[in-house]
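The lines below spell out each chain.
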Amino acid sequence: MAASRDVLHPGAPGYARAHQDRRHIDGMARTNSNSAATRQSLIEAAADKFAEKGFRAVSIRDIAGAAEVNPALIAYHFGGKEGIFEEVIRASAADHVAQRMHDLTRARAKGAEIGLEGLLRIYLEPLLNKKKWSSNRANFARLHASLINERSEVAEEIAARAFNTVNLAFIDEICAVLPHLPREVVIWRFYAMIGSLLFFDTRPTPPGLLVVSGGKCDSSDGGEVYRQMIPVLIAAFSAPAPEAKAAGQEQTA
């Protein structure tokens, strides 16, 4: 059988050049693979550090040390500390945001009014589904709790970019089903709901919850958290707006 014309043998014209090109391509593939692995390792190390210490207290050297790489690689891959923090937030939010928007779009497509309870279910389910999100939920809760406690303007702006699209979509929908409420009241109540979610997602458990309840209230049970929260949230969102502040009334300290 005649040899394939696609095979070059040593000594054949073009063999040396083809062999050199093949080694160059193989080297590029290895470099790209190593680069992707390093990038992911940095993201995971940064997520742990930011969740543990917050944005301000973590240095580039802290992250690089945890990932066991040269600190210069953070600038190479992300441009600096803010860049890698934004990537951590984006990665932590990606699954939740995508699931919520997918479910909201699908519910809208059915044509019927979704209703307040339906909207809350769509928003809450990604966070309360413990099994589905178990791989990243611990850091997700710790990371966002640290943002709330730290009050870093840079960190808050980055987090807002990651979540604003989905949050605004749900705020718009809730305003549509509760037209008696001013938009700012819905926004207050929406973010109060998020604060409650993060509290119940505290690990190992929210302070005092198991002790006070004699072990009967376990926030690791996402289904039970949902069952208990839904009537409270529906009542909170549906309540009349607070009375307008009287002229000259001072803010409560």
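No experiment lies behind these values; they were computed from the predicted model shown.

A. Quick look at the overall build of the protein chain. The helix and strand tally for the protein chain stands at 10 helices and 0 strands. Ordered by position in the sequence, the α and β elements of the protein chain form the string α-α-α-α-α-α-α-α-α-α. By residue count, 34% of the 253 residues in the protein chain fall in the buried class. Intrachain contacts of the protein chain at a sequence separation of at least 6 include 69% that bridge at least 24 residues. Only carbon and sulfur atoms are counted for the fraction: they give 56% of the accessible area of the protein chain, which is about 15,500 Å².

B. Expanded view of the packing of aromatic side chains. Under the definition given, this model contains 6 aromatic pairs. Between Tyr-123 and Phe-170 the ring centres are 5.1 Å apart and the planes differ by 75 degrees, which places this aromatic pair in the edge-to-face class. With Tyr-123 in helix α5 (residues 116-128) and Phe-170 in helix α7 (residues 153-177), the pair connects residues that are 47 residues apart, well separated along the chain. Like Tyr-123, the residue Phe-170 is buried in the burial classification. We note Lys-81 situated over the ring of Phe-55; from NZ or CZ to the ring centre the distance is 4.6 Å. Sitting over the face of the ring of Tyr-123, Arg-100 holds its NZ or CZ atom 3.8 Å from the ring centroid.

C. Representation of the environment of His-180 within the structure. When you line up the elements, His-180 lands in the loop between α7 and α8 (183-200). For the pair His-180 and Ala-241, spaced 61 residues apart in sequence, the C-alpha to C-alpha distance is 8.1 Å. Residue contacts for His-180: discarding those within four places in its chain leaves Ser-238 and Ala-239.

What counts and how
- Residue positions are given per chain, counting from 1 as you read along its sequence in written order.
- Confidence filtering applies because this is a predicted model: local features only for residues at pLDDT of at least 70, side-chain atom pairs given and counted only at 80 or more, and all residues used for totals across whole chains, interfaces and linings.
- To get the side-chain values, all heavy atoms of the structure are used, and hydrogens and water are removed first.
- Numbering of helices and strands runs from the N terminus, with a helix taken as a DSSP run of H or I at least four residues long and a strand as a DSSP run of E at least two residues long.
- Each residue's exposure class comes from its accessible area (1.4 Å probe, protein chains only) as a fraction of the maximum for that residue type: buried when under 20%, exposed when over 50%, partly exposed otherwise.
- Only heavy atoms matter for contacts: two residues are in contact if any of them lie within 4.5 Å across the pair.
- Surface exposure here means Shrake-Rupley accessible area, sampled with a 1.4 Å probe, where a residue is shielded only by the protein chains that are shown.
- Pairs were defined over the aromatic rings of Phe, Tyr and Trp, the Trp ring being its six-membered one, requiring ring centres within 6.5 Å. Orientation was assigned from the angle between planes: stacked under 30 degrees, edge-to-face over 60, tilted for the rest.
- Charge-over-ring contacts are defined here by two conditions on Lys NZ or Arg CZ: a distance within 6 Å of the ring centre and an angle within 35 degrees of the ring normal.

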